[in-house]
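Residue-level structure breakdown
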Amino acid sequence: EKQKIRNRIAQDLLYEIASNLSLISLMSELIQKDEKINAEASDKINRIQKVAKGSTQAMRDIVWITNPTSDNLKDLITKMNEVANDMLAGIKWKFDFPEGTIEINLSPETKRNVFLIFKEALNNIVKHAEAKSVRIKFNIDDNNIFLSIEDDGKGFNNSANFGGNGLKNIKSRAK
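Along each chain, numbering runs from 1 in the same order as the chain's sequence is written. Restriction of local features to residues with pLDDT of at least 70 applies here, the model being predicted, together with a cutoff of 80 or more for giving and counting side-chain atom pairs; totals for whole chains, interfaces and linings are based on all residues. Excluding hydrogens and water, the side-chain figures rest on all heavy atoms present in the structure.

1. A closer look at the nonpolar core
As a reminder of what qualifies: In this text, buried Ala, Val, Leu, Ile, Met, Phe, Trp, Tyr and Cys residues form a nonpolar core when linked through side-chain atoms within 4.5 Å. In this scheme, a residue with accessible area under 20% of its type's maximum is buried, one over 50% is exposed, and one in between is partly exposed, where area comes from a 1.4 Å probe on protein chains only. Here a residue-residue contact requires only that any non-hydrogen atoms of the pair lie within 4.5 Å.
In this structure, Leu76, Met80, Leu122, Ile136 and Phe138 are the most contacted members of the largest nonpolar core, which totals 23 residues. Not counting chain neighbours up to four residues away, the residues in contact with Phe138 comprise Leu73, Leu76, Ile77, Met80, Phe95, Asp96, Phe97, Pro98, Val114, Ile145, Phe146 and Leu147. Grouped together as the second largest cluster of nonpolar side chains are five residues, Leu14, Ala18, Leu21 and Met59 included.

2. Some thoughts on unusual backbone geometry
Rules: In this description a helix means any DSSP run of H or I spanning at least four residues, a strand means any run of E spanning at least two, and both kinds are numbered starting from the N terminus.
Even without glycine at this site, Glu130 takes up a positive phi of about 55°. Tracing the backbone through its elements, the reader meets Glu130 in the loop between helix 4 (108-129) and strand 2 (133-141).

3. Points about the confidence of the model for the protein
The condition is simple: Scored from 0 to 100, pLDDT records how confident the predictor is in each individual residue.
Put simply, the protein has an average pLDDT of 87, and 95% of its residues get 70 or more. Mean pLDDT across the elements of the protein ranges from a minimum in helix 1 (residues 2-32), with 83, to a maximum in strand 1 (residues 92-96), with 96.

4. Things to note about helix 1
Note the cut-off: Helix span, as expected, comes to 1.5 Å for every residue beyond the first.
For helix 1, which comprises 31 residues, the first-to-last C-alpha distance of 45 Å matches the rise-based estimate of 45 Å (1.5 Å per residue) to within 8%. Among all positions of helix 1, only Gln11, Leu14, Ala18, Leu21, Ser25 and Ser28 are buried. Buried residues in helix 1 make contact with helix 2 (39-66).

5. Some remarks on the sheet that holds strand 3 (residues 144-151)
Condition: Two strands qualify as a pair provided that DSSP identifies no fewer than 2 bridges between them. Convention adopted: a line fitted to C-alpha atoms gives each axis, helices being fitted over their contacting stretch, and angles between N-to-C directions are expressed from 0 to 180 degrees.
Across the sheet, three strands lie side by side as 1-2-3; this open sheet has mixed pairing. Among the strands making up the open sheet, the edge pair consists of strand 1 and strand 3. Each strand of the sheet is rotated relative to its neighbour by a mean of 10°, with strand direction disregarded. As paired elements, strand 2 and strand 3 share eight bridges and run antiparallel to each other. Across the sheet, the residue bridging to Ile140 is Ile145, located in strand 3. Taken strand by strand, helix 4 contacts strand 2 and strand 3, and its axis lies near 5° from that of strand 3.

6. Side note on the packing of aromatic side chains
Applicable threshold: Only Phe, Tyr and Trp rings take part, Trp by its six-membered ring, and two of them pair if their centres are within 6.5 Å. Stacked means planes under 30 degrees apart, edge-to-face means over 60, and tilted covers everything else.
Tallied over the full model, the rule gives three aromatic pairs. Ring geometry for Phe95 against Phe118: centres 6.2 Å apart, planes inclined by 25°, an arrangement best described as stacked. Taken together, the residues Phe95 in strand 1 and Phe118 in helix 4 connect sequence positions 23 residues apart. When sorted by exposure, Phe95 lands in the same class as Phe118, which is buried. Among the aromatic residues, those joined into a cluster by ring pairs are Phe95, Phe97 and Phe118.

7. With respect to the environment of Leu23
Inspection of the secondary structure puts Leu23 in helix 1. Taking the relative accessible area as the measure of exposure, Leu23 reaches 44% and is therefore partly exposed. The spacing of Leu23 and Phe95 is 72 residues in sequence and 33 Å in space, taken between C-alpha atoms.

8. Structural notes on the packing of helix 3 (residues 73-87) against helix 4
Put simply, the rule reads: Angle categories: roughly parallel below 35 degrees, roughly antiparallel above 145, roughly perpendicular from 65 to 115, and oblique for all the rest. The handedness criterion is simple: a crossing whose near helix is rotated anticlockwise from the far helix by less than a right angle is left-handed, and one whose near helix is rotated clockwise is right-handed.
The interhelical angle for the contact between helix 3 and helix 4, taken along N-to-C directions, is 15°, at an axis separation of 11 Å. As the angle between them shows, helix 3 and helix 4 are arranged roughly parallel. The crossing of helix 3 and helix 4 is right-handed. Each of Leu76, Lys79, Met80, Val83, Ala84 and Met87 in helix 3 lies in contact with helix 4, whose residues at this interface are Lys111, Val114, Phe115, Phe118, Lys119, Leu122, Asn123 and Val126.

9. Looking at the pattern of salt bridges
Spelled out, the test is: When a carboxyl oxygen of Asp or Glu is within 4 Å of a side-chain nitrogen of Lys or Arg, the pair counts as a salt bridge.
Under the defined criterion, the tally for this structure stands at eight salt bridges. For Glu40, the salt bridge is made with Lys44, and the minimal N-O distance between the two is 3.3 Å. Of this pair, Glu40 and Lys44 both sit in helix 2, four residues apart, roughly one helical turn. Of the charged contacts, one joins Lys111 and Asp71 as a salt bridge, the two residues approaching to 2.8 Å between their closest N and O atoms. Within this pair, whereas Lys111 is found in helix 4, its partner Asp71 is found in the loop between helix 2 and helix 3, the two being separated by 40 residues in sequence. Across the pair, Asp71 and Lys111 agree in class, each one buried.

And the structure:
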């Protein structure tokens, strides 16, 4: 019962923060339309708006991850499809997934790890790959989840030392 109360408080807090960030984004958009704003100020406001929108989406993702009613394969695939649609705007993409096995329940940890691996991989494609097309394949077989994400981007040296933590996080989550 205590854990349920904590979860509700956490979700209420996340909703409140997401609401405030949405308001910041909206206000930034309105300020940008003001003809009195110079180009430099407009660029800074645009960056504020992008950060607010990104933070709002991150909060929504956290709320979704912590929601126990979405601990199933159907909701995970739906969320992954939504995220791909948002993140891969302007890139041709295809998402292949099994139709018949979507009523499978997942542990919260599995749902969280698969979703965050997926999101990090798409983020890397958008930021670094310069890809024109992406193909996502998702399958589940004998309690194993298979996720393959391929793009036609410029690629990278897997043994190179990168400054970020994206690949390290993906490997750690996959384990």
